[in-house]
Amino acid sequence: MPLEDGDPARPRGQQVNGEVSGPPRLRGMGDPSLRGATAPGGSRTEVTAEGWKSGPALGDRDVTPGGAPQRAGQNEEALMTELSELVQKVVKSSSWWERHGVDISILACSFLLLPAGFLCLRSAQAIPFLVGVLTLGVVHHTLTVKGSHLASHNALTESKSWGKVWAIFFIELCSAFTVEQATYNHVKIHHGYTNVIGLGDSSTWKLPFLNRYVYMFIAPLAVPILTPLVALDLLRNVEWKAALRTLCCMFLGFYCHYWLLLHVSGFQSPWSALLCMLLTRSLLAHPYIHVNIFQHIGLPMFAADRKPKRIHLMSLGVLNLPRNALLDWSFGHSLISCHVEHHLFPSLSDNMCLKIKPIVSQYLKQKKLPYNEDTYSSRLQLFLQRYEELMVHAPPITELVGIQ
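No experiment lies behind these values; they were computed from the predicted model shown.

Enquirer: Any chance you could explain the environment of R212 here in plain terms?
Expert: Along the chain, R212 falls in helix α6 (residues 212-218). Here R212 falls in the partly exposed class, since its relative accessible area comes to 21%. Remark: the alpha-carbon pair of R212 and V392, spanning 180 residues in sequence, is separated by 9.9 Å. When neighbours within four sequence positions are excluded, R212 is seen to be in contact with L384, Q385, R386, Y387 and E388. In this structure the side chain of R212 is engaged in a polar contact, spanning 2.5 Å, whose partner is the backbone oxygen of L384.

Enquirer: Is there a simple way to think about a nonpolar patch on the surface in this case?
Expert: Side chains of Y213, F217, I218 and L221 sit close together on the surface and give an oily, nonpolar patch of about 410 Å² of accessible area. In this structure, Y213 sits in helix α6. Owing to a relative accessible area of 52%, Y213 belongs among the exposed residues under this scheme.

Enquirer: Can you walk me through the packing of aromatic side chains in this structure?
Expert: The geometry of an aromatic ring pair is captured by two quantities: the separation of the ring centres and the angle between the planes. Tallied over the entire structure, the rule returns twelve aromatic pairs. Measuring from ring centre to ring centre gives 6.4 Å for Y288 and F331, while their planes differ by 80 degrees; the resulting arrangement is edge-to-face. Of the two residues, Y288 is situated in helix α10 (residues 285-294) and F331 in the loop between α12 (325-330) and α13 (339-344); the sequence distance between them amounts to 43 residues. One exposure class covers both Y288 and F331, and it is buried. Three or more aromatic residues joined by ring pairs make a cluster, and in this case those are F111, W162, W166, F169 and F170.

Criteria and cut-off values
- Residues numbered from 1 in each chain as written.
- Predicted model: local features only at pLDDT ≥ 70, side-chain atom pairs only at ≥ 80, totals over all residues.
- Heavy atoms only, no water.
- Helix = DSSP H or I, 4+ residues; strand = E, 2+ residues; numbered from the N terminus.
- Buried < 20%, exposed > 50% of the residue type's maximum accessible area, 1.4 Å probe, protein only.
- Contact = heavy atoms within 4.5 Å.
- Polar contact = N/O pair within 3.5 Å; in protein donor to acceptor, adjacent residues only side chain to side chain.
- Patch = residues over 30% accessible without salt bridge, like charges linked within 9 Å, V, L, I, M, F, W, Y side chains within 5 Å.
- Areas by Shrake-Rupley, 256 points an atom, 1.4 Å probe, with all protein chains shown as cover.
- Salt bridge = Lys/Arg side-chain N within 4 Å of Asp/Glu carboxyl O.
- Phe/Tyr/Trp six-rings, centres within 6.5 Å; stacked < 30°, edge-to-face > 60°.

Printed below as a string of structure tokens:
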């Protein structure tokens, strides 16, 4: 299996990116963020390209005379090759259960919890009803976030044919998004151009006309409504057959959920069923939005023609959050505590990202490369304090001259 995405050709057309394939890409109308690209005081994210030194100057093209960039490029390729070989040994020695089985089992368990969730909603008592809401909310996000994310990277199976089937199921049927746009925007753009201004800089998550408290705590509740609306808008960019397939899958997914609430959970009116759908589908929308902005925005940003090579781009522009039982289950390790590992080796499953985490972290630290980590609460405090800088104003292009 391939362990890393290649640097894709310069994309054309719609450029919409985000961190997770399934739910919508919130598209802001303002510019991206932050001059200086620093992180909260006291955290382990205070690493910028200006202050980090290891090896010769680097970049995708000549930035200093005398051929130093070419030597730097060869050095970076050697670093990535060495790390890939270490990871490849772990992958080859891992069983199918470790590579795919663990994550498939989590998704299967989520499906098995669906009947219990719908039946709990039949109760007139508060506690069983709330248990049903929590169950369906966690299951929904496990299928739409974890399932869609793994499917977009074909990390659920080594078969491309089955990978396409799972992508349609999780991304279109469960998440109400279109496969072609989700994989293009997330895999080709966001992963290929992580933190590159105008491409993979996560600017589509910004809504600069909202104030910090509305954006951070109220706007996420609209994610279930915005998801199909954004998807419908993006259908203009796909072939009519794919658009028709997406529309059918979206309708089937919504109708099945609605029908089960009426006929299994016993809701008496369409509006009460729709309100319950909104409640369960927005249950983890806040951490979903937060995770997508915490792990990239506020870190160094680069110009497309002056970005570092892959290993430095990912180590500088990606951040890991601590492990969290609920988010690990619902979103997956690759979106929480192993995001750096995921960006370096995006075709690996969540469980494999967790398994290679000690190797990647030790290697990056040994080579004196950044390995960004911070807590959820620290990032939340940072974004509330510096919302204007991070989410409204345009970020600078990080200079590479300090990388020496």
